[in-house]
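Structure at a glance
Listed here are the chains, written in short residue letters.
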Amino acid sequence: MNNDTARTAARWMLLLGMALAPAWAAAAEVAPGTVINAASLDKLKTESFEGKTIASMLTERMEYMIRNHGLYIRLRKSAPIAPDPRLLEVTRKNAANVSFDAATRSVKGWTAGLPFPDVSEKDPHAGEKLIWNMRYGSMMGDQPVEDLHFLMVDFDKGLDRVQKWQIKRYMTVGRLTGAKTFEGDGSEYSRTLLYATYPHDIRGIGTFTIRYTDPAKVDDSWVYVKSVRRVRRLSGNAWMDPIGGTVSLNDDIDGWDSPPSWYREVKLVGKRWVLAVAHGKQALVDGKATPEESYPQVDFKTPPFINTHDEWEPREVWVIEGVPPDEHPYGKKVVYMDTAFPRVYMAEMYDKKGEFWKFFTWHQSTVQGKDGFRAIGPLQGEQVDVKARKATIFVGDLRVNEAMSADDVTLGKLEAAGR
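Residues numbered from 1 in each chain as written. Predicted model: local features only at pLDDT ≥ 70, side-chain atom pairs only at ≥ 80, totals over all residues. Heavy atoms only, no water.

**Quick word on the nonpolar core**
Membership of the largest hydrophobic core comes to 105 residues, with the highest contact counts inside it found for Ile36, Ile54, Ile73, Leu275 and Ile320. Leaving out residues up to four positions away in the same chain, leucine 275 has contacts with Ile36, Met57, Leu58, Met62, Ile73, Leu75, Trp312, Glu313, Pro314 and Met346. Counting residues in hydrophobic clusters, the runner-up holds 14 residues, among them Tyr195, Phe208, Trp222 and Leu414. (Core = buried A, V, L, I, M, F, W, Y, C linked by side-chain atoms within 4.5 Å. Buried < 20%, exposed > 50% of the residue type's maximum accessible area, 1.4 Å probe, protein only. Contact = heavy atoms within 4.5 Å.)

The structure is reproduced here in structure tokens:
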């Protein structure tokens, strides 16, 4: 081999090595328990977990929260999650009867189960169909949550206040328990009762809402006004009002509480992998004296006090973007929904100027109802207002399909709670 041939061979070897180096580096696996924070982020982004690079599982806003607002993520090994067989069976039986009405952006022929179990990324209405799956494909059944705690957090001071609420939602259609999938004439979709029980200055404040199966019909809503000890009817736009003193809107419940047809535009951005809390641990312990004992998954020690002891795992998600109506506080909302079932792990909210405003997470978990129904729902979540530098951490005692009827969720019950 002469000198020119040797130099050419060396250059090819160098180029080959450079080409292979990133692939080799990406193959380096980090272990469960690894913590991604501002100090470790740059080093870990090129490494992988369960075969995927850390960088590929962090959204732009997750990385922003890690770098600028102290978010940290502790990894755990992923595990499969299966919806209740009854939901899958009724979905299969009804699939042929369901269609999407593009003119009204609504669902036709649905009675129970997921209306659209097989959504294609190429479908121009994919985003709307996925949100309809979340609204109609009941993952939790009736929800008599008697302990829903809101922890008001200041980025600089820590825990500022605790509020205790009850939320009771009775599903009138799409029921998977009992002899029929609906009650009454089927015109009501759900009844929701939400009211405060603690502290005394807000005790009794709350709302009662009837949502209808016809998405063209707005909610009927009432609020209990503590100062006059009376209920007052609310406008049809109450679905976009704030909840108490939290940073959350009624529309933010579970990530997206309204029918997608109430938004100006809903589109599927695509499918990707993210890190998310899909196996949340018990978040609320009754009868304890301190916040640390009562809310064991909340990190009260590490500023800015928006972190959790729950662990995050790789999940494949749909990325769905919505543009609300002009009167809505948000200019845009982006949610990340599991591709295996319609549950949201994260949401980003932007103001009317397009500036990043809020970052929400939901710690999903599987909960067995007393009737054996396997529900998937959140036990805890962080709702962060990055502009105001404050957050609301919600912690709930999720119970599903317990003894409950439509008569337990009425305007009279709201009035009784205020007395």
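**Quick look at the pattern of salt bridges**
Pairing between side chains becomes possible if they bear opposite charge and their charged atoms approach one another. Considering all chains together, one arrives at 30 salt bridges under this definition. Taking the shortest distance from any N to any O, the salt bridge between arginine 86 and aspartate 84 comes out at 3.3 Å. For arginine 86, a relative accessible area of 30% translates into the label partly exposed. Between aspartate 123 and lysine 129 there is a salt bridge, with the nearest N and O atoms lying 2.6 Å from each other. A network of salt bridges, in which partner residues are shared, links Arg135, Arg169, Arg211, Asp219 and Asp257. (Salt bridge = Lys/Arg side-chain N within 4 Å of Asp/Glu carboxyl O.)

**Regarding the packing of aromatic side chains**
For the structure shown, the criterion picks out 13 aromatic pairs. Aromatic side chains tyrosine 330 and tryptophan 357 sit 5.5 Å apart centroid to centroid with 90° between the ring planes, which places their arrangement in the edge-to-face category. With a gap of 27 residues between them, tyrosine 330 in the loop between strand 14 (313-323) and strand 15 (332-338) and tryptophan 357 in strand 17 (residues 356-368) connect regions that are remote in the sequence. Judged on exposure class, the residue tyrosine 330 and its partner tryptophan 357 are both buried. (Phe/Tyr/Trp six-rings, centres within 6.5 Å; stacked < 30°, edge-to-face > 60°. Helix = DSSP H or I, 4+ residues; strand = E, 2+ residues; numbered from the N terminus.)

**As for empty space enclosed by the protein**
Any empty space left between the atoms is revealed when a probe the size of a water molecule rolls over them. The final tally for this structure, using the stated rule, is five cavities of 30 Å³ or more. Secondary-structure elements contributing two or more residues to the lining of the largest cavity are strand 7 (143-154), strand 18 (374-385) and strand 19 (390-396). In terms of residue count, strand 7 provides more of the lining of the largest cavity than any other element does, four residues in total. Tallied by class, residues from the lining of the largest cavity come to twelve nonpolar, five polar and three charged. (1 Å grid on protein atoms, 1.4 Å probe; cavity = no way out; pocket = protein on both sides within 12 Å on 5 of 7 lines; lining within 4 Å. Points joined across faces, edges and corners; volume = space filled by probe spheres on them. Nonpolar A, V, L, I, M, F, W, Y, C, P; charged D, E, K, R; others polar.)

**Brief notes about helix 5 (residues 126-136)**
Counting buried positions along helix 5 yields eleven of eleven residues, so the element is predominantly enclosed. Every buried residue of helix 5 is listed here: Ala126, Gly127, Glu128, Lys129, Leu130, Ile131, Trp132, Asn133, Met134, Arg135 and Tyr136.

**With respect to the environment of alanine 126**
As for its position among the elements, alanine 126 is in helix 5. Measuring from C-alpha to C-alpha, the distance between alanine 126 and leucine 398 comes to 30 Å, with 272 residues separating the pair along the chain. Here alanine 126 is in contact with Val119, Ser120 and Leu268, once residues within four sequence places are set aside.

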